[in-house]
Amino acid sequence: YHKERKAEKSYNPGSEFQFNLCTAGVKLSNIKEPNKVPIWYESKAWKDGMRVVCFADGSAKYVNADAWKQLAPMLKLNLKKETKPIDAKKTSPW
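Residues numbered from 1 in each chain as written. Predicted model: local features only at pLDDT ≥ 70, side-chain atom pairs only at ≥ 80, totals over all residues. Heavy atoms only, no water.

Next up on the list: the side chain of Arg-51. Its place among the elements puts Arg-51 in strand S3 (residues 51-55). Buried charge without a salt bridge: Arg-51, with Glu-42 as the nearest opposite-charge side chain at an N-O distance of 6.7 Å. Setting aside chain neighbours within four positions, we find Arg-51 in contact with Glu-42, Ser-43, Lys-44, Ala-45, Trp-46, Lys-61, Tyr-62, Val-63 and Trp-68. (Helix = DSSP H or I, 4+ residues; strand = E, 2+ residues; numbered from the N terminus. Buried < 20%, exposed > 50% of the residue type's maximum accessible area, 1.4 Å probe, protein only. Lys, Arg positive; Asp, Glu negative; His and termini not counted. Salt bridge = Lys/Arg side-chain N within 4 Å of Asp/Glu carboxyl O. Contact = heavy atoms within 4.5 Å.)

And the structure:
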């Protein structure tokens with residue numbers, strides 16, 4: 001959760017930080033390799049093919065296009081949900 005919409009801002013033109021929705025409502029202990037599961041990531045790569053990725057273990061990296069191809073499937077994991085995600089339409093101040 002973050003209160004400020006500008007926390008999603010990327011300095012990469014046309015990009016923004018996006019949340020990995022498959023991790024919503026998931027306990028960290030249910031993620032087998034948190035160092036490989038993106039939580040936040042830049043939606044668009046920079047001109048050099050790099051993008052910022054923040055992982056479930058709290059680390060962040062600037063990854064190249066080849067590394068992103070390996071990470072992208074982690075955006076579609078079927079993880080055990082412990083709680084229902086918050087309905088943004090009902091709770092969002094935006």
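Structure shown, so let's carry the discussion forward.
In this structure, Asn-12 sits in the segment before strand S1 (17-19). Relative accessible area serves as the criterion here: at 5%, Asn-12 is assigned to the buried category. A polar atom in the side chain of Asn-12 sits 2.9 Å from the backbone oxygen of Lys-44. A polar side-chain atom of Asn-12 sits 3.3 Å from the main-chain carbonyl oxygen of Ala-45. (Polar contact = N/O pair within 3.5 Å; in protein donor to acceptor, adjacent residues only side chain to side chain.)

What follows deals with the packing of aromatic side chains. Applying the stated criterion across every chain yields a total of two aromatic pairs. Here Phe-19 and Trp-40 contribute two aromatic rings whose centre-to-centre distance is 5.4 Å and whose plane-to-plane angle is 55 degrees, an arrangement assigned as tilted. Of this pair, Phe-19 sits in strand S1 while Trp-40 sits in strand S2 (residues 38-42); the two residues are 21 residues apart in sequence, bridging distant segments of the chain. Exposure remark for Phe-19: the relative accessible area of 31% places this residue in the partly exposed category. With relative accessibility at 25%, the residue Trp-40 sits in the partly exposed group. When the centroid spacing of 5.3 Å and the interplanar angle of 35 degrees are considered together, the rings of Tyr-41 and Trp-68 count as tilted. In this pair, Tyr-41 sits in strand S2 while Trp-68 sits in helix H1 (residues 65-71), placing the two residues 27 residues apart along the sequence. Residue Trp-68 is classed as buried on the basis of its relative accessible area, which comes to 13%. Over the ring of Trp-68 we find Arg-51; its NZ or CZ atom is 4.4 Å from the centre of that ring. (Phe/Tyr/Trp six-rings, centres within 6.5 Å; stacked < 30°, edge-to-face > 60°. Lys NZ or Arg CZ within 6 Å of the ring centre and 35° of its normal.)

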